[in-house]
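Chain by chain, the residues run as shown.
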Amino acid sequence: MNKISFDLTGKVALVTGATHGIGMAVAKGLAQQGAKICVNDIDQTKLEACEEAYRKDGVEVYRLIFDVTSEADVDRGISQIERDVGPIDILVNNAGIIKRIPILDMDIAEFKQVIEVDLVSPLIVSKRVVRSMIKRRAGKIINMCSMMSVYGRQNVSAYASAKGGLKLLTQNMCCEWAKYNININGIGPGYIATAQTAPIRVGGHPFNDLVMTRTPANRWGEPEDLAGAAILLASEAGRFINGQVIYVDGGILANFGYVQGENEP
Ligand code: NAP
Ligand code: GCO
């Protein structure tokens, strides 16, 4: 049997929204396997600041600002990467936002903004990048989904609508592009300790108790917990995985919840 390869040497990876958080952890994981990392963000200051955070882990990155919601900006950015670094072998659609607003209080414009970033932009970036993957009959696309790809919860209707849609968009990309030897999958993180969840995690926020109750691993996830799934989906080892979402959630989706003290050992 041939050796199962997780090696990414010689591969060009683009991770959107990767100046910190989950995107940075995933990018560092891909770099550990040999990939050349391209980091995108919408904020030039954060793009400049992240270089040292990568370098201290031995990762030299190509950094480029573009707004993933803008077709023109994405075309400019991808064209520059293809010129300066090479065709993209691995795309991680990680960039995302969330708004925690009750439906009745949320402006339609606010709803649309979340949909634009979290659902439409993975489509925009994938459509631009996949052109060369189809020509080369090879490529890996990873869409950053969520627990909210399968659950709703109060106040995150726009985010859940986007992430639910992203799960099905991932499946539809698989239906149309797998025949070109392209793997399109998702990662569904559980509750991860990043800037995005800080408002519901720090300062004794009651949501923290819910996460502890719902997560059998009894901890918040760390961004680095997601790197292994990304490496699998980006490598030859994952060559027959397609249209799937791998949930990296400490057991949340397996668990209805538990009551403290009930038959505790
Ligand atoms: P985060 O800290 O908010 O990072 C999101 C990144 O996306 C930031 O770098 C942000 O840039 C970038 N971004 C936002 N809008 C953009 C745009 N228009 N163009 C380019 N970049 C843009 O979030 P995170 O916790 O690391 O989450 C990363 C991804 O995982 C998101 O898709 C999120 O929905 C998903 N996720 C997170 C969790 C969790 O518990 N943290 C769980 C499941 C899924 P700026 O900082 O410059 O605005
Ligand atoms: C929230 C959280 C979640 C996480 C993640 C869970 O307010 O419920 O921010 O949405 O970010 O998506 O998988």
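Model, not experiment: these values are computed from the prediction. (Residues numbered from 1 in each chain as written. Chains lettered and ligands numbered in written order. Predicted model: local features only at pLDDT ≥ 70, side-chain atom pairs only at ≥ 80, totals over all residues. Heavy atoms only, no water.)

Caption draft 1: Local environment of the overall build of the protein. A count of helical and extended segments in the protein gives seven helices and seven strands. Counting helices and strands in the order they occur from the N terminus, the protein gives β-α-β-α-β-α-β-α-β-α-β-α-α-β. Computed over C-alpha atoms, the radius of gyration of the protein comes to 18 Å, within 12% of the 18 Å expected from 2.2 N^0.38 for 265 residues, which places it in the range of a compact globule. Counting only C-alpha atoms, the protein reaches 55 × 50 × 40 Å along its principal axes. Residue burial in the protein is summarised as follows: out of 265 residues, 47% are buried. Total accessible area on the protein is roughly 12800 Å²; 54% of this is exposed by carbon and sulfur atoms. Charge centroids of the protein, computed over 28 positive and 29 negative side chains, lie 6 Å from each other. (Helix = DSSP H or I, 4+ residues; strand = E, 2+ residues; numbered from the N terminus. Rg over C-alpha atoms; globule rule 2.2 N^0.38 Å. Buried < 20%, exposed > 50% of the residue type's maximum accessible area, 1.4 Å probe, protein only. Areas by Shrake-Rupley, 256 points an atom, 1.4 Å probe, with all protein chains shown as cover. Lys, Arg positive; Asp, Glu negative; His and termini not counted. Charge placed at Lys NZ, Arg CZ, Asp CG, Glu CD.)

Caption draft 2: How the structure looks around helix α4 (residues 108-136). Helix length check: α4 (29 residues) gives 41 Å between terminal C-alpha atoms against 42 Å at 1.5 Å per residue, within 8%. Two residues or fewer past α4, R137 is found with a positive phi of approximately 50°. (Expected span 1.5 Å × (residues − 1).)

Caption draft 3: Here's a closer look at the environment of I81. Within the secondary structure, I81 is located in helix α3 (residues 71-84). Along the chain, I81 and E110 lie 29 residues apart, while their C-alpha atoms are 31 Å from each other. What I81 contacts, discounting residues up to four positions off in sequence, is L14, C38, Y62, L64, F66, G86 and I88. (Contact = heavy atoms within 4.5 Å.)

Caption draft 4: Up close: the site of ligand 2. The immediate surroundings of ligand 2 are formed by 14 residues, with R100, S146, R153, Y159 and Q196 found nearest. Between an oxygen atom of ligand 2 and a side-chain N or O atom of S146, the distance comes to 2.6 Å. A distance of 2.8 Å separates an oxygen atom of ligand 2 from a polar backbone atom of P189. A total of 330 Å² of accessible area belongs to ligand 2 in isolation, and the protein chains cover 97% of it. When its residues are assigned to classes, the shell around ligand 2 shows eight nonpolar, four polar and two charged. (Near = heavy atom within 4 Å. Polar contact = N/O pair within 3.5 Å; in protein donor to acceptor, adjacent residues only side chain to side chain. Nonpolar A, V, L, I, M, F, W, Y, C, P; charged D, E, K, R; others polar.)

Caption draft 5: Structural detail: the site of ligand 1. Residues in contact with ligand 1 amount to 30 residues; listed here are only the nearest, D41, K46, N94, Y159 and T194. At 2.5 Å, a side-chain N or O of D41 approaches an oxygen atom of ligand 1. Within the side chain of D67, a nitrogen or oxygen atom sits 2.9 Å from a nitrogen atom of ligand 1. In isolation ligand 1 exposes 890 Å². Once the protein is present, 91% of that is buried. Of all elements in the fold, only α1 (21-32), β2 (36-41) and α5 (157-177) reach the threshold of two or more residues within the shell around ligand 1. When its residues are assigned to classes, the shell around ligand 1 shows 14 nonpolar, 11 polar and five charged.

Caption draft 6: Local environment of the sheet that holds strand β3 (residues 61-65). Read from one edge to the other, the open sheet built from seven strands follows the order β3-β2-β1-β4-β5-β6-β7, with strand pairing classed as parallel. Either end of the sheet is taken by a strand with one partner, and the two such strands are β3 and β7 (245-248). Averaged over neighbouring strand pairs, the angle between their axes works out to 20° when direction is ignored. Along the sheet, α4 makes contact with β4 (90-93), β5 (139-144) and β6 (182-189), crossing β4 at roughly 175°. (Pairing = 2+ DSSP bridges. Axes fitted to C-alpha atoms, helices over the stretch in contact; angles between N-to-C directions.)

Caption draft 7: Geometry of the pairing of β5. Within β5, six of the six residues are buried, which leaves the element mostly enclosed by the surrounding structure. Here β5 shows no split at all, with G139, I141 and N143 on one side and K140, I142 and M144 on the other all buried. A crossover links β4 with its parallel partner β5, the connecting element being α4, and its sense is right-handed. When β5 meets β6, the two strands line up parallel, connected through six bridges. (Right-handed = clockwise from strand over helix to strand, strands pointing away.)

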